[in-house]
Amino acid sequence: MSFLNGILILGAFTAVVPLAIHLFNRSRFKIVKWGATHLLESVLHKNRKQIQLEQWIILLIRCAIPVILALTLARMVVMNWNSFLFFLLLPLAALLFLILIAFSRTTGWLWGLLSLACLLATLLGAFGFVPDWGLEKKLSAPSGEVPASTVILLDDSQSMNTANGFSKAQSFISGFLQNMNPQSETAVIQLGGEPALVFDKPTSDPGALGLRVDGLFAQGDQISLLSGLDQALSIVSNGKNLKREIILLSDFRTPDWEEWKNATGDAFRERLNSTPNPPELTWVDFGNSAKKNLSVEKIVLSAKTVGIGHPLRIRATLRNFSDESFEGNLLVRLLGDQNESALDEAMVSVGPQASTQVSFTHRFNEAGPKVLHIELSEPDDLPQDNRRSVAVGVIEQIGVLLVDGDPSKEWLRGETDFIKLALTPFQENTTAKNRKPRTGLEMKDLIKASTIPTDQFKNMDPTVGTSLIVLANLESLDGSMMQELPLFVENGGGVLICAGNRMNLSWYNQHWGLEGSNFLPLPITGSKGNPQNEFEFSKIANAYFEHPALSLFNDPRNGSLSEARIKKWIQLDESRARNDPRVTVVARLENGDPLLVEKKWGKGVVMFLTTSIDTDWNNLPARPSYLPFVQQISTYLSEKVLPPKTVSAGFPLTYYLPDGKAETKYQIIIPNGSKRKLIPHKRKDNYVLEFTETRLPGTYYLSEENQVISKFVVLASRAESNLNKVEKEQIMEASAGISEKLTLIDGRDGKAWNAYQAIDQHRKFGRETWKILLAVVLGLIVMEMVLLRRFGRMVR
Amino acid sequence: MANPNDFLDPKDISRLANHQVLARRVVEGFCSGLHRSPHKGFSIEFKQHRAYTRGDEIRRLDWKVFAKSDRFYIREYEEETNLRCHLLLDSSGSMGYGEDQEESPSKLAYGSRLAACFAYLALRQTDSVGLTTFDAKIRSMVPPRGGASHNRQIIDLLAKSKAGEDTDLGGVFHEIAPQLKKRGLVIIISDCFGDIPSILKGLAHFNHAKHDVVIFQIWHRDELDFPFRSWTRFDCLEQEGMKHTVDPMHLKEAYLENLKEYRESLVQGCHKHRVQLFSMTTDQPYAEGLASFLSARAKVGMPVHL
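Residue numbers run consecutively from 1 along every chain, following the written order of its sequence. By the order in which they are written, chains take letters starting at A while ligands take numbers starting at 1. In keeping with the model being predicted, local features are shown solely for residues with a pLDDT of at least 70 and side-chain atom pairs are shown and tallied solely at 80 or more, while totals for entire chains, interfaces and linings include all residues. Where side-chain values are given, they derive from all heavy atoms of the structure, hydrogens and water being excluded.

With respect to the overall build of chain B
Per the convention used, a helix needs a DSSP run of H or I reaching at least four residues, while a strand needs a run of E reaching at least two, with both numbered from the N terminus. When helices and strands are counted, chain B shows 12 helices and 10 strands. To sort residues, take the accessible area from a 1.4 Å probe on protein chains only and compare it with the maximum for the residue type: under 20% means buried, over 50% means exposed, and anything in between is partly exposed. The buried share of chain B, taken over its 306 residues, is 49%. By definition in these notes, contact holds between two residues if any of their heavy atoms fall within 4.5 Å. Considering only residue pairs separated by 6 or more positions, chain B has 74% of its internal contacts joining residues 24 or more positions apart. What sets the accessible areas is the Shrake-Rupley method with a 1.4 Å probe; for residues, cover comes only from the shown protein chains. Counting every atom, chain B has about 15,200 Å² of accessible surface; 49% of that belongs to carbon and sulfur.

Written out as C-alpha cells, the structure is:
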C-alpha cells in the first residue's frame, strides 16, 4: 500500500470533526421539562442498547467518511492482492458487518464477531503480522494502457556521438513520446556534466518535449550517472501516476561506471529499495564500440596571461585510443579564436594506445581576451574530442618597482631577490645564473621588475612606467616620498609594504598610521615570533579565499599557501579599523593574526604583508606556491588580475567588472549559440559577473553591448575520449540489489523502441483504489442518510 | 381575588354568545338534562326576557313587549335546575408543560380557561356547576351550586390551582365518584397521561353512577409533533430526578408511533365506556374548540342523551 499524494493522507485527521461535533452536541444539550414522560420512557427503556449501538454506528460512519475521502484524495495504491485484501477489503467488511448488527436482532452477535475478526485482521496486517499470501501477485491493468510517470535520462555526453548513438537515442525518445498516453507525464534529464532537466517539470505535451529533444546535441561533459539517477528518482517519486519508470539512454562507457563501485552506488540502491512504489528501470545501451579514436587530452600554457609580443608556449598532449599507429603523419593544427585558419601546424607520431606531446609557440600582437585551439585533422569515430581549446589573456607588460631596504650583493641574500625571481622567472633564468633556457625560446616575463636600494628611491619619480611599488623591509621614507606614495596609489597605482627586521615600526605608525596620513591599512602594535627558533611557527590559514588576488588558491591544483612556516610577523590592531569598509584582511595566520591586509586608497590599493618577502622570517619563498602568490598579488595590485578563464565543465565563470560598469547590460553566448543575460552583483567592493550554467564544453563569449570583453573556455572531461565499453556482467554486478526492477535493452542496432514496447507490455504496476474508495464514500453518505431514517423507525 | 377576565376572555365569550343558537342548544342541553322538555307546559316563575332568535318557539314570544317596543322577546321562567355539571380539572405536573413558552399557554392554564368557560355558560343558564381539582388525589373541591356569584368561587379556585404532583387518574376518579351525590354531567379536563386500564376503570365508576362523562384531553403541540432536533435532556415534570439525555431526532418516529398507539387505545377504551373524548391542543382557540365540540354533540343528537 502506498499513496500517490502522500501529504493528503493528513486529511484523515478531519475524522475528529464529526467526533467533535458529536461531543459538542452532547455537551450542549437543551433542557426540556417534559410531561409526556411515560410515552418517552417506554421508548427509551425498550431500546437503550439499540440506540447506543446505532449512535455508535452513525458516529463511525461519519468519522469513516473523511478518512476514506482522505485516502481517495491521497490516491491510495495497492500493489498486490495481499494489500488489497488487508488494507481495503477487510476494513470495509468490518464496517459493513457493524452496520448489519443494527439491522438484525437475532444474528447480531454473528455480525459483531465477523466485524471484530475483520478489524483484527486489518490491524495485524498494518503491523505486518500477516501471511505472505498474494504478495507476489501484482495487481494491474495491461501496462500499455496505463498512464505513466516517466523520467528519461539522456546521456548527451560527447561520447554518445560515436556511431550515431545519440541520434538513435533521440529516435527512441521520439518513439516513446509518440506512443505516450495522454495522461502520462514525462521528464527528460540531460545527463552530460551536471544533470539538467529539459523542462523544469514533467510534461504531458509530447510535441513540445520532442521538439526540444530533437534540438539537443551530444556536447555534454562526462555524465554523472548516480546524481542523474537520484534526481530522476526524486521526480518519479512525486509522479502523479502509478506506473513509474526511469529509462536510461546511454552508451555505457567505462568511466561513467566508476562511481558505482563506492558508497554512492549503495546509497542509491538503498534509496530505490526504500521508495514506496519504486519505478521500473530500463537501461538502453546505444554505445557502439569504437575502432579508432584520437583526442587532444590536455593543453598546458606557459602562462595564462601573456604580454603583447611575448611568446606563449602551448604544449598539447595527444592520445591515441586505437590500435592504429601514426608515424609522423598525424597533422596537428593550432587555431586562433574564431578565425579557423591555422596559426601553426605540426606532423607528429603516436603509437597504438599511446600518447604524445606537441608544442607550439605563439605571440599575440594585440591585447584582449583570446582563445587558442589545438585540433587533430585525422577523422575518427568521435570527432568531437579532436579539438581542445584554452583561453589566454593578452595584456601589456606590467612595470614593478622593488625598493630594497636590506640589499645584498650576494645572490638571494637581498630583501627583494626572491620576489624579483618570482615575478620575472624567465629574465632571472637567463641573466642571474648566466645560463640559457633549455627550450631555447626567448620567453619574456609578463612583469618587468626593477630593483633599487632605498637611497636611490628618494630621488626618482615613481609614476613613470610603474604600476606597482614594493617596499621591502624599508626602515623609513623621507618626507617627500612619504607624501608621494599615497598620491601615487590614489591615482591608481599599487603599493605593497612588506615587513622585515629593519622596519621602524613607530615611524610607520606615526606617519602613515592613525596620527599621520592613515595610509597603512591597519596600525602596527608590535611583532611576534622568533626567526631563529625552528620549532615555533604559524601557518597561513587554509580558508576559502574570497579575495580575487588569492582566489587562485581555492583550487588545490594551484598549490597550497598553508605549507609555508611563518616564524615571525608583525601584529596589527584590527579593532581600530573594523568599521572601515576600505580595509580587508586578505589572508590570516592560523592563530588569527592578519597576514595580508589591503586598503583601497583612491583608485589604487595599498597592501601590507606582515611577514618578510624573503626567507628572513619565513620559508614561503622556498615553497612552490610562492611564485603564484607574489605574481597574483602583483598582478592584482597592478589591476591586471583575472580569474581563471579556462575551467572544467560545471565550474562557474567569473568576471570582475571595473568600477562604474555595474549598470551596463551584459550577455554571454554559450557554445550552442544561445544567449543569456547576465546581471552584475556586488561582492564586497567589486561588481562581479558570474555564470554557472557551464555544462556545455566550448567557448563562452562575454559581451558588453555587442563588444566581446572576455572569452572563457569550458573543457569537457578527458574521460569522454575513452570509448571502452563496460561489460554487461559489470552492469549486472553494479545493479545487484536492484536487478529485479531492471531491464537491459541493447539499442545498438537502432531497434531499441520495438524491444522496449515488447517488454513494457508485460509489466504490472499495482492498482489505484480511488474509484473504489470514492464509491465507498458515496455509499457511506447514502447509508448514513438511510440509517438515520431507518433507526428512528425501528424502535417500538 | 382572581379576576374572571383572566380566565374568561370577553372576546371568546362574545363569540360564544354570538352563536346564540349554539349557545342555546348548549344551555338547552344543560337545562333539559335527562328530560326531554322540562319546561314544556308550565311556567313556574317569570325570570327574564330574552331576545328572540331563529328557532325559538313563536308561542313563547311576549307579544306585549313586542307591542311596546316593536321587538321580539321571549319570556323565560325561573325553573329548578335539573342539571348538575361537575368539572374535574387535572392539575398534575404534566399539565404544567408549556408554562415557559410564550406562544401558547400551559395545558393547565388552557384547561382552567376551558373550565371557566363551561362554568360561565352553565351558570348563565342557571344550572349548578361544581369544580374539583386533583392530581394523584383531590386537591380542592367546590360543590355544585347555581347562581351568578358562584362563578367567583370557581374562578378563585382556578386561580389557585397549580401544576405539581404526580398523576393517578384511575385512583382519583374512584375517590371523586362517590362524592358526586347526584348524577349529572362530568366534564374531565386532563391530559389523561397514565395507565390507560386504570383510567378506564375510573371512568367505569362514573358510568356506574349514571354520570354522563365527557373528557377534554388537553395536548400541547410539542407532545403531538415532537419537534425537537438537537440533543435534549427531558426532565420529568412529575417525578424529580427522572432525566433522559437523548438525540430526539433518533427517537421521534418511535415516540410518535408510541403516541399514536396510546391515543388509539384511549379512544377505544372511552368508546367502550360510552365516554365522549374530545382532544384539544393549547394552540387552538378554546372557544373555537368548545364550539366545535358543542356542534359535534348536537349533530349526533347528544343533547337528548347527555
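Considering the sheet that holds strand E2 (residues 30-34) of chain A
When DSSP locates at least two bridges between a pair of strands, those strands are taken to pair. Strand order in the open sheet formed by three strands is E2(A)-E8(B)-E9(B), and the pairing between neighbours is mixed. Across the chains shown, the open sheet's two edge strands, defined by having one partner strand only, are E2 of chain A together with strand E9 (243-246) of chain B. Neighbour-to-neighbour, the strand axes of the sheet open up by a mean angle of 20°, direction not taken into account. Of the strand pairs in this sheet, strand E8 (residues 232-236) of chain B and E9(B) are connected by four bridges, and their pairing is antiparallel. Note that in E9(B) the partner of B:Phe234 across the bridge is B:His244. Each axis is a line fitted through C-alpha atoms, and for a helix only the stretch in contact is used; angles between axes span 0 to 180 degrees, taken between their N-to-C directions. Of the strands in this sheet, E2 of chain A together with E8 and E9 of chain B are in contact with helix H2 (residues 37-73) of chain A, which crosses E9(B) at around 65°.

Examining unusual backbone geometry
Although it is not a glycine, A:Phe252 adopts a positive phi angle of roughly 50°. Tracing the backbone shows A:Phe252 in the loop between strand E7 (243-250) and helix H8 (263-274). Residue A:Phe252 is classed as buried on the basis of its relative accessible area of 0%. In this model, B:Asp70 sits at a positive phi of 60°, which is unusual for a non-glycine residue. Its location among the elements puts B:Asp70 in the loop between helix H4 (63-69) and strand E2 (73-78).

Quick look at the interface of chain A and chain B
A common measure of how large an interface is: the accessible area buried when the components associate. Each partner contributes residues to the interface: chain A has 28 residues there, and chain B has 29 residues. Summed over both partners, the interface of chain A with chain B comes to about 3,000 Å²; 67% of that surface belongs to carbon and sulfur atoms. Interface area lost by chain A to chain B is led by A:Trp34, A:Leu39 and A:Leu40, which between them contribute 22%. For this document, the term salt bridge refers to a Lys or Arg side-chain nitrogen within 4 Å of an Asp or Glu carboxyl oxygen. Linking chain A to chain B there are zero salt bridges. Polar contacts, as used here, are pairs of N or O atoms within 3.5 Å; protein pairs need one atom able to donate a hydrogen and one able to accept it. Residues neighboring in sequence count only if both atoms are side-chain atoms. Summed over the shared surface of chain A and chain B, the result is nine residue pairs in polar contact (both at pLDDT 80 or more). Every element with two or more residues in the side of chain A that touches chain B is listed here: helix H1 (16-27), E2, H2 and helix H17 (770-794) of chain A. With 12 residues, H2(A) is the largest single contributor of residues to the side of chain A that touches chain B. Residue composition of the side of chain A that touches chain B, grouped by class: 12 nonpolar, eight polar and eight charged. Judged from the five bridges that link them, E2(A) and E8(B) form a sheet pairing that is parallel. Along E8(B), the bridge assignment pairs A:Lys33 with B:Asp235. Note: buried area is the sum, over both parts, of the accessible area (probe 1.4 Å) each one loses when the two are combined. Amino acids are sorted into nonpolar (Ala, Val, Leu, Ile, Met, Phe, Trp, Tyr, Cys and Pro), charged (Asp, Glu, Lys and Arg) and polar (every other residue, Gly among them).

What to know about the sheet that holds strand E11 (residues 311-320) of chain A
All names here are of chain A. Judged by pairing direction, the sheet is antiparallel, and its three strands sit side by side in the order E9-E11-E14 without closing on themselves. Two strands close off the open sheet at either side, each with one partner strand: strand E9 (294-301) and strand E14 (355-363). On average, each strand axis in the sheet is tilted by 25° relative to the strand beside it, whichever way the strands run. Bridge analysis of E11 against E14 gives nine bridges, and the strand direction is antiparallel.

Here we look at the side chain of A:Thr150
All names here are of chain A. Looking at the element boundaries, Thr150 is found in strand E4 (residues 148-154). On the basis of relative accessibility, which here comes to 2%, the residue Thr150 falls in the buried class. If sequence neighbours within four positions are ignored, Thr150 has contacts with Phe176, Glu185, Thr186, Ala187, Glu245 and Ile247.

A word on the nonpolar core
Residues A:Trp34, B:Phe173, B:Ile188, B:Leu203 and B:Phe206 are the most contacted members of the largest nonpolar core, which totals 43 residues. Broken down by secondary-structure element, the contributors of at least two residues to this core are E2 and H2 of chain A together with helix H7 (169-176), strand E6 (185-190), helix H8 (196-208), strand E7 (212-219) and helix H10 (248-272) of chain B. The element that contributes the greatest number of residues to this core is H10(B), accounting for seven residues. For B:Phe206, the residues in contact, after removing those within four places along its chain, are B:Leu88, B:Phe173, B:Ile176, B:Ala177, B:Leu180, B:Val186, B:Ile188, B:His211 and B:Val213. By nonpolar core we mean a set of buried residues, namely Ala, Val, Leu, Ile, Met, Phe, Trp, Tyr and Cys, connected to one another through side-chain atoms within 4.5 Å.

A few points about the confidence of the model for chain B
All names here are of chain B. The predictor rates its confidence in each residue with pLDDT, a number between 0 and 100. Within chain B, residue pLDDT values average 77, and 79% of them lie at 70 or more. Every residue in residues 17-43 is under pLDDT 50, and counting partners more than four places away or in other chains gives 48 contacts. Of the regions scoring below 50 in pLDDT, residues 301-306 engages in 15 contacts with residues more than four places distant in sequence or in other chains.

A short note on the pattern of salt bridges
With the rule as written, the count across this model stands at 24 salt bridges over all chains. The residue A:Lys567 makes a salt bridge to A:Glu534 at a minimum N-O spacing of 3.4 Å. Here A:Lys567 is found in the loop between strand E21 (524-529) and strand E22 (568-572), whereas its partner A:Glu534 is found in the loop between E21 and E22, with 33 residues between them in sequence. With its nearest N and O atoms 2.6 Å apart, the salt bridge here joins B:Arg59 to B:Glu57. Judged by its relative accessible area of 60%, B:Arg59 falls in the exposed class. Residue classification places B:Glu57 among the partly exposed residues on the basis of a relative accessible area of 39%. Taken together, the salt bridges that share partners define one network made up of A:Lys292, A:Glu324 and A:Glu378.

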